[in-house]
Every structure is written in C-alpha cells, then in structure tokens.
Amino acid sequence: MKPTLSFYTIFFFASLFMIRLSGLLVKVVLARSITPYEYGIITLVVLALPAVFSLLTNFCFYDVLSHGKNGRKYFSFSILYTLVVTAITFLTVFIFHESIFNFLNLPLDSWRRLYTALIIVVFPTAILVDLMGLAQGFRKYTTSIIISSLPPILRLLFVLIVVYILRITDFSLILLIFALPSLVTLIFILSKESPTISSNLRSIVPPSKSMLFWGFSIFLIGTFAGLGDSIVRIVVSHDLGLEWQAYFDVSLTLVSILTFFSVTLHFISIPEATSIDNREELLLKSGGLGDVARALFSYLIFSVIVIYFYSHELINFLFSESYALAADYAIILAIGFSFFFVQQFLAYINVSFYQETQINKTLIFITSFFLIFFPIFTHVLIRILGFLGAYISLTLSLSFYTLATIITSKDLAPIRYLFAKGGRLLVCSLITFILAYYIKLSLLYGLIVYTCVFTFLIFSLGYLNVELIFDMFSKNKSPDEQNN
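Note that the structure is predicted; figures quoted are calculated from it, not measured. (Residues numbered from 1 in each chain as written. Predicted model: local features only at pLDDT ≥ 70, side-chain atom pairs only at ≥ 80, totals over all residues. Heavy atoms only, no water.)

1. A few points about the nonpolar core
Here comes step 1: Among the nonpolar cores identified, the biggest contains 130 residues, and Tyr39, Ile42, Phe319 and Tyr323 are the most heavily contacted of them.
Here comes step 2: Broken down by element, this core gets its largest block of residues, 16 residues, from helix H15 (residues 289–319).
Here comes step 3: Those residues in contact with Phe319, other than ones at most four positions away along the chain, are Leu24, Lys27, Val28, Ala31, Arg32, Tyr39, Val250 and Thr253. (Core = buried A, V, L, I, M, F, W, Y, C linked by side-chain atoms within 4.5 Å. Buried < 20%, exposed > 50% of the residue type's maximum accessible area, 1.4 Å probe, protein only. Helix = DSSP H or I, 4+ residues; strand = E, 2+ residues; numbered from the N terminus. Contact = heavy atoms within 4.5 Å.)

Here you go:
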C-alpha cells in the first residue's frame, strides 16, 4: 500500500513551502546585509540567468523523462545532451562575456568571479533536473522532492552561517556560498541514487519524434511563467538598472506563494495523466487529480486576498522599508498568476491525454508567439509606464496566454470541472474579503483567522469534499510507486 495522491500533493506542497520559505529567508538575509545593487547582482547571476540557461541545457528532457510509461529509457540521451549543451553555453558566454555583461549592466571588472559562480550553479543544476525527471518517471516523488528542496535549504543554512555566525559580509564570499548548494546536492543524490542512475545509463536511446514533440509541448507550457519572470528581470536590468531588478525580484518573491499551486499541479499531473488511460477516472475519482486541482485553486484565490491586504506589511517586515516600493505592485502580479493556474490545468490534461499532434501544434504556436513577443512587449511598456510597465507586461501576458489557450482548446472538460462549483468558491472568497476589509486584523492574527474562516467555508459550503482531508492520510487509493 502506498500513500494517496492527496498525501503526495500535501507533502510536496509542504516541501515547496519550505523551499520558498528558505529562498525568502535567504533573500531577507541578503537584503539586510548587502546593498540593493549587490543584491541585484546575486539574484540575477545565481537565480535569473541559470533559469534562462536551463531552457537550453535541459530543453524538454525533464518532461520527457517524467512520462510515466516511456520516459526512463531516454535518460542516457538526456544526460549526454545536457553535458554537450552546457559546455557549448559556457564557451559562448566566455567568448562574448564583454557584450553580455554590458547588456545586463553587470560589472565587467568582476566578470571572472561572476562567470565562475554561474558555472558552479548551472552545471550541477542541469544534471539535477535530469535526475529529477527520472525520479518523476518512476513516480518516486520523495526523491523528486529531495532534489528540488535541498539546494534552497542548504543555501539558507550556508548564508546564515557566513553572515550571522562568522560575521562575514564580503560580497565575493557570499556569492560563492550562494552558488554552492546545487553542487553539494548533486554529490549527495549521485551517492544516494547510484543504483537507479547506473542501471538507466546502459544504452543511449534518442526520443522518438512523437515523444520529443510531446515533451516539447509540456516544456513550453511549464516554463512559460518562469521564463516570463526571467525575461522581465533581464529587461528591467537592461532598461532601468540592477536596483530596479532588485525591487522587481522582491515583488516576485512575495507573489511566489502563488506559484506553489501551479508548480504542485505540474509535479503531480504529468506522471498521473500519462500513467492512466481513463480520463474520467483521473478527473472524477474522489481524491484524484480533479479534487486536488480544485483544492489548490481555492487556496490560490485565498492567497491573492492575503497579498491584497498584507503586501506592504510583509515586505516591510521581511525586507525592510527600503523595498517598500515593491509592495505597491504585488497585487498586479497576483492577478496574472491566478489566470495562469487555469491555463496550466487545462493544458496539462489535454496534452497528456490527446495524441493528435494538431492540439499540441496549436499550443506550441500560441506559447512560442507569446514568448517571442514578451521581451518586446515588456520593453515597450517600461518605456511608456516606467517600472509599472514590467508588472503590467507579465500580468497581461499570463492573462492573454490563458485566454488564448481556452479559446483554441477543443475540450474544456477540465475547466468545467474546475469551475463546477465556482459560485460557492466566489461566496467563500467574498465573505473572507469582506471580513478582512472591515475587521483589519494585524498580519499574524489575520493570517490565522482568515485561513480558518476560508477553510471552514469551502468545506461547509461544499466546494471541496471533506473526504479529501481523510484521503491525505489514507494508504489504499494511490497507484503504486514504481521502483527500478
């Protein structure tokens, strides 16, 4: 007997919370220990740029490997691809470092140490993504969670030791410490999972055309928001400077709570949907993917309410008043990420179940169009609206992308299921919003009281079935986790 999907979902969500909390706390330590300019350099070099490079170094092979039936046999090829493309990427950056650093407003006199930090982050991260995809394909969710959660937790631990225990504030050392956790995690995973890894490295099998096309579809859908974040950061850094990139990063850090829900959805939906042939069973079974998606969506809406009322208090408390500007626009991003969850749910289900390439081609075209248009759109809005344009650009792109996906989709069953009791969710949200508007509790008491109120309402009014809670602790409904 294995834990149910509901259990794995709440376990991953809790782990994701620890990941985001660790990332938030380490940024708080940085923001209070170094200047906004130095903070902007570190977050750009160690976080934003590696996220962009991962689109090249891993391409769609994480999603190919996560296929529940066939993904694992492509592991050797994905590792080979990652190694070759990573080497080419760093050679290119080395050759054109002057142009790249000038474009991003990074200090050219420090290019060697920044380039070294980039290598220390990108190479092990690229390998870890392949290993995480392999674990997903086996539905070994615990291993996947370890791979994703260990780097940010180690980063927080390392930075706390350096800044608060050793009292070191040297920028170069903090940059190095910030970059090391991915390498440490890779060494740990290689030792822990060596039997599984070695047994799947025996032959190099390139993905078939249909599998590669399927993986590319999932890849584009899953990376849209993250790539959008990185694109906006790069454009802001180029158009306005590194300090403004730091403010935007703080806003994204606050709103990142909303990504918990779409990332969790991505984590569970592809392995589950590609391991079952009955679409109705997947969506309608009690405690299945449909119920889990509705639970995630309801608490996403609640989180938007929290950000609306407490963004200034949260940023002032965590980052200090120096970053208060970031709180003014956080609710704009929250609206965009709410739309994006709907898009993710519809797209993942349809791509996973349908074999007709025309459906995938439409999604690929829509996603590619928005990604190509995105940096131009962001640049124009920043020129017209200033810093506000960065927020408007990301939110409008996520919203229009969602609408385009809905309009072009041939099967809206996932959307109909998600909003089947939408009126009840709306009532729960309005009651919670009105209470927060008139009572105006402080941050801590407000989070406790309004969470309890909202939870009571969504179960008592029937938007969610109370059995979902018991499913989290049951061990008789989830498919078996396949072991090597």
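2. Re the pattern of salt bridges
Pairing of side chains with opposite charge becomes possible as their charged atoms draw close.
Here comes step 1: For the structure shown, the criterion picks out 2 salt bridges.
Here comes step 2: Here Lys192 ties to Glu193 by a salt bridge, and the two come within 2.9 Å at their closest N and O atoms.
Here comes step 3: The salt bridge partner of Asp249 is Arg233, with a shortest N-O separation of 2.9 Å. Placement of Asp249 in helix H12 (residues 242–255) and of Arg233 in helix H11 (residues 209–239) is noted, with a sequence separation of 16 residues between them. This pair shows no difference in class: Asp249 is buried, exactly as Arg233 is. (Salt bridge = Lys/Arg side-chain N within 4 Å of Asp/Glu carboxyl O.)

3. As for the packing of helix H6 (residues 111–137) against helix H9 (residues 181–192)
Here comes step 1: At a minimum axis distance of 8 Å, the contact between H6 and H9 shows a crossing angle of 40 degrees. Judged by the twist between their axes, the crossing of H6 over H9 is left-handed. Contact residues: Val121, Pro124, Thr125, Ile127, Leu128 and Leu131 in H6; Ser182, Leu183, Thr185, Leu186, Ile189 and Leu190 in H9. (Axes fitted to C-alpha atoms, helices over the stretch in contact; angles between N-to-C directions. Left-handed = near helix turned anticlockwise from the far one by under 90°.)

4. Quick look at a nonpolar patch on the surface
Here comes step 1: Taken together, the side chains of Leu157, Leu160, Ile161, Tyr164, Ile165 and Leu166 define a hydrophobic patch exposed on the protein surface, amounting to about 540 Å² of accessible area.
Here comes step 2: Within the element layout of this structure, Tyr164 appears in helix H7 (residues 141–165). (Patch = residues over 30% accessible without salt bridge, like charges linked within 9 Å, V, L, I, M, F, W, Y side chains within 5 Å. Areas by Shrake-Rupley, 256 points an atom, 1.4 Å probe, with all protein chains shown as cover.)

5. What about unusual backbone geometry?
Here comes step 1: Despite not being glycine, Phe59 shows a phi value in the positive range, around 50 degrees.
Here comes step 2: Tracing the sequence through the fold places Phe59 in the loop between helix H2 (36–57) and helix H3 (61–65).
Here comes step 3: A positive phi is found at Arg167, a non-glycine position, where the angle reads about 60 degrees.
Here comes step 4: Following the sequence through the fold, Arg167 ends up in the loop between H7 and helix H8 (171–179).

6. Observations concerning the side chain of Thr395
Here comes step 1: Mapped onto the secondary structure, Thr395 falls in helix H18 (residues 388–408).
Here comes step 2: In this structure Thr395 comes out as buried when scored by relative accessible area, which is 8%.
Here comes step 3: What Thr395 contacts, discounting residues up to four positions off in sequence, is Ile332, Leu333, Ile335 and Gly336.

7. Brief notes about the packing of H15 against helix H20 (residues 422–439)
Here comes step 1: Running from N to C, H15 and H20 cross one another at 20 degrees; their axes reach a closest spacing of 11 Å. The pairing of H15 with H20 is recorded here as roughly parallel in orientation. Considering the relative orientation of H15 and H20, their crossing is right-handed. Only Leu425, Ser429, Thr432, Phe433, Ala436 and Tyr437 of H20 make contact with H15, whose side of the interface consists of Phe297, Ser298, Ile301, Phe302, Ile305, Tyr308 and Phe309.
Here comes step 2: Here the residues of the contact of H15 with H20 sort into 10 nonpolar, 3 polar and no charged. (Parallel < 35°, antiparallel > 145°, perpendicular 65-115°, else oblique. Nonpolar A, V, L, I, M, F, W, Y, C, P; charged D, E, K, R; others polar.)

8. Concerning the environment of Pro207
Here comes step 1: Note that Pro207 resides in the loop between helix H10 (194–199) and H11.
Here comes step 2: Given the relative accessible area of 14%, Pro207 is considered buried.
Here comes step 3: Separated by 142 residues in sequence, Pro207 and Leu65 place their C-alpha atoms 9.8 Å apart.
Here comes step 4: Apart from the residues lying within four places of it in its own chain, the contact partners of Pro207 are Phe61, Tyr74, Phe77 and Leu212.

9. Focus: the environment of His238
Here comes step 1: When you line up the elements, His238 lands in helix H11.
Here comes step 2: In this structure, the C-alpha to C-alpha distance between His238 and Asn102, residues 136 residues apart in sequence, is 8.9 Å.
Here comes step 3: In contact with His238, not counting residues within four places along its chain, are Phe103 and Asn105.
Here comes step 4: One polar contact links His238 to Asp239, side chain to side chain, over a distance of 2.9 Å. (Polar contact = N/O pair within 3.5 Å; in protein donor to acceptor, adjacent residues only side chain to side chain.)

10. Here's the deal with H7
Here comes step 1: Taking 1.5 Å of rise per residue, the 25 residues of H7 would be expected to cover 36 Å, and the 35 Å separating its terminal C-alpha atoms lies within 8% of that figure.
Here comes step 2: When the local axis directions of H7 are compared, the greatest deviation, roughly 35 degrees, occurs at Ser149, which is followed within four positions by the proline Pro151.
Here comes step 3: Positive phi appears at Arg167, one or two residues downstream of H7, with a value of about 60 degrees. (Expected span 1.5 Å × (residues − 1). Bend = angle between axes of the 7 residues up to and from the residue.)

11. So, the side chain of Asp249
Here comes step 1: Residue Asp249 is classed as buried on the basis of its relative accessible area of 0%.
Here comes step 2: A distance of 2.7 Å separates the side chain of Asp249 from the side chain of Tyr39, its partner in a polar contact.
Here comes step 3: Setting aside its immediate chain neighbours within four residues, Asp249 contacts Lys27, Tyr39, Thr43 and Arg233.

12. A closer look at the packing of aromatic side chains
Aromatic rings considered in pairs are described by the distance between their centres and by the relative angle of their planes.
Here comes step 1: Under the counting rule described, the total for this entry stands at 29 aromatic pairs.
Here comes step 2: Judged by centre distance (5.6 Å) and plane angle (25 degrees), the rings of Phe297 and Phe341 are stacked. A residue pair is termed long-range when its members are at least 10 positions apart, and Phe297 in helix H15 and Phe341 in helix H16 (residues 330–353) qualify at 44 residues. A single burial state applies to Phe297 and to Phe341, both of which are buried.
Here comes step 3: Its end group placed over the ring of Tyr417, Arg294 keeps NZ or CZ at 5.1 Å from the ring centre. (Phe/Tyr/Trp six-rings, centres within 6.5 Å; stacked < 30°, edge-to-face > 60°. Lys NZ or Arg CZ within 6 Å of the ring centre and 35° of its normal.)

13. Quick word on the environment of Thr405
Here comes step 1: Tracing the backbone through its elements, the reader meets Thr405 in helix H18.
Here comes step 2: Residues Thr405 and Gln343 lie 62 residues apart in sequence; the distance between their C-alpha atoms is 6.6 Å.
Here comes step 3: Apart from residues lying up to four places away in sequence, Thr405 is in contact with Gln343, Leu346 and Leu363.
Here comes step 4: A distance of 2.8 Å separates a polar atom in the side chain of Thr405 from the backbone oxygen of Tyr401.

Nothing here speaks to function; it is all geometry.
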